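Examining the three-dimensional arrangement
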Amino acid sequence: MTSIDQQPFLSIKDLKVHFSTEDGIVKAVDGLSFDLAKGKTLGIVGESGSGKSVTNLTILGLHDRARTSIEGEILLDGKDLLTASEKELERLRGNKMSMIFQDALASLSPYHTIGTQIGEVYRKHTGASKSQARARAIEMLRRVGIPQPESRVDSYPHEFSGGMRQRAMIAMALVCDPELLIADEPTTALDVTVQAQIMDLLKDLQQEFGTAIVFITHDLGVIADIADDVLVMYGGRCVERGAKRQVLSAPEHPYTLGLLGSMPSLHGSVDVPLTPIPGSPPSLLNPPTGCRFHPRCPFTEKVADGLCSRERPPLTVVDGRGSACHLTPEQKRELFHDVAGSRHN
Ligand code: SF4
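Residues numbered from 1 in each chain as written. Predicted model: local features only at pLDDT ≥ 70, side-chain atom pairs only at ≥ 80, totals over all residues. Heavy atoms only, no water.

This next bit is on the domain arrangement of the protein chain. What the domain assignment reports for the protein chain is domain 1 (106–175) and domain 2 (244–344). Its C-alpha centre places domain 1 at a distance of 43 Å from the equivalent point of domain 2. (Domains from an automatic or database assignment.)

This is the structure in structure tokens:
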């Protein structure tokens, strides 16, 4: 998903993340590849259990190494993170790559002031003095729009509103100017107005720092706002990817079409009824054979010889655009026309 003149800053190749449980092997991520250039945002979308969060914890090296089997390659600025030592990963986390989570309250310590927590990250990675770290914390709080940062730097997390805590977490994530930011549903718990403010903030900061962002969400509306490229995950696999506009206005996979049909129209008619995707996400312990979406797909009869339940459709990617489905392009145009046409982005 890089333009021709930009080398990927983050490059993931055929990533497989499997972990053992008492009930068997969970194939949380099963052959995922993507590239991301500096200054760009990749939106990863999918339901719970689609493998999007596991992917990002693996990039950060935050998985349980003892119980997890990982194959493939994760290159960050040319360095393979899967062969990096714990010490190297710790140096990279917070410095070169950073993460913001959905729940700021759970991520911030209730026992230390906001300023101390931001300052500690800065000191750890730069060796700055306490006073330098405090000054940097104030500067970051100002950048993320916290009013009166000189006094709020001494506040505790519980003294901040939900939106302010999220801003503080972003300040902490960006205090060392990371080149990669992973944002895992960072606005899900916030009301719509604060959500819009946080998104604007991330976009501004990305412009300022040139950060590459992986933005994980189940919400295509959020993707429409922030992403350059979109990767749709289902059952631990990528089922569709491409530039945001292409994916949202002309989806090539029935699952993406289903996601679009189950949310209010992005820019089209408000009269189009919402159609939830029937059924539930697949078990990753015993995933369906063939195409993992086949138990929920309305188009399986259009594919001959029961191929959908027998054979995994390959993901063919040309110029960053691709989907994994046995339907022909002509069938997709015909079958998807009604839903996609009314939900133009
Ligand atoms: Fe549906 Fe078959 Fe395409 Fe899978 S391969 S999305 S089951 S039509």
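Now for the site of the ligand. Neighbouring residues of the ligand: His253, Pro254, Cys291, Phe293, His294, Cys297, Thr300, Cys308, Pro313, Cys325, His326 and Leu327. Of the residues contributing to the shell around the ligand, the split by class is eight nonpolar, four polar and no charged. (Near = heavy atom within 4 Å. Nonpolar A, V, L, I, M, F, W, Y, C, P; charged D, E, K, R; others polar.)

Moving on, we come to the environment of phenylalanine 209. Structurally, phenylalanine 209 can be placed in helix 8 (residues 192–209). Setting aside anything within four residues of it in sequence, one finds phenylalanine 209 in contact with Arg143 and Asp177. (Helix = DSSP H or I, 4+ residues; strand = E, 2+ residues; numbered from the N terminus. Contact = heavy atoms within 4.5 Å.)

Looking now at a nonpolar patch on the surface. Taken together, the side chains of Leu57, Leu62 and Phe101 define a hydrophobic patch exposed on the protein surface, amounting to about 220 Å² of accessible area. You can see phenylalanine 101 is positioned in the loop between strand 6 (97–100) and helix 3 (104–107). Given the relative accessible area of 30%, phenylalanine 101 is considered partly exposed. (Patch = residues over 30% accessible without salt bridge, like charges linked within 9 Å, V, L, I, M, F, W, Y side chains within 5 Å. Areas by Shrake-Rupley, 256 points an atom, 1.4 Å probe, with all protein chains shown as cover. Salt bridge = Lys/Arg side-chain N within 4 Å of Asp/Glu carboxyl O. Buried < 20%, exposed > 50% of the residue type's maximum accessible area, 1.4 Å probe, protein only.)

Looking now at the nonpolar core. By size, the foremost hydrophobic cluster in this structure holds 39 residues, and its most contacted members are Ile100, Ile118, Leu141, Ile170, Leu202 and Phe215. Looking at this core, the elements that each hand over two or more residues are helix 4 (114–126), helix 5 (130–143), helix 7 (162–174), strand 7 (180–184), helix 8, strand 8 (212–217) and helix 9 (220–226). It is helix 7 that provides the largest number of residues to this core, a total of eight residues. Discounting chain neighbours no more than four positions away, the residues touching isoleucine 100 are Met169, Ile170, Ala173, Leu181, Ile182, Ala183, Asp184, Pro186 and Leu202. Judged by nonpolar contacts, the second largest core, of 32 residues, contains Ile12, Leu36, Ile182 and Ala212. (Core = buried A, V, L, I, M, F, W, Y, C linked by side-chain atoms within 4.5 Å.)

Scanning all chains against the criterion turns up four aromatic pairs. When the centroid spacing of 4.6 Å and the interplanar angle of 55 degrees are considered together, the rings of tyrosine 234 and tyrosine 255 count as tilted. In this pair, tyrosine 234 sits in strand 9 (residues 229–234) while tyrosine 255 sits in helix 11 (residues 254–261), placing the two residues 21 residues apart along the sequence. Across this residue pair, the class does not change: tyrosine 234 and tyrosine 255 are buried. Ring centres 5.4 Å apart and planes at 65 degrees place the aromatic pair tyrosine 255 and phenylalanine 293 in the edge-to-face group. Residue tyrosine 255 is found in helix 11, and its partner phenylalanine 293 is found in the loop between helix 11 and helix 12 (307–310); the two are separated by 38 residues along the sequence. For tyrosine 255, a relative accessible area of 0% gives the class buried. (Phe/Tyr/Trp six-rings, centres within 6.5 Å; stacked < 30°, edge-to-face > 60°.)

Another point: the pairing of strand 6. A two-sided burial pattern is seen for strand 6, the buried positions comprising Met97 and Met99 on one face and Ser98 and Ile100 on the other. Pairing of strand 6 with strand 7 involves four bridges; the strand directions are parallel. Within strand 7, the position partnered with methionine 97 by the bridge is leucine 180. (Pairing = 2+ DSSP bridges.)

Pairing in this open sheet of eight strands is mixed, and the strands run 6-7-8-3-9-10-12-11 from one edge to the other. Looking along the sheet, the strands with just one partner apiece sit at the ends: strand 6 and strand 11 (316–318). Between one strand and the next, the sheet's axes are offset by a mean angle of 20 degrees, whatever the strand orientation. Here strand 11 pairs with strand 12 (residues 321–323) via three bridges, running antiparallel. In the strand pairing of strand 12, valine 318 is matched with arginine 321. Helix 1 (residues 52–59) rests against strand 3 (41–45), strand 6, strand 7, strand 8 and strand 9 of the sheet, and its axis sits at about 145 degrees to strand 8. (Axes fitted to C-alpha atoms, helices over the stretch in contact; angles between N-to-C directions.)

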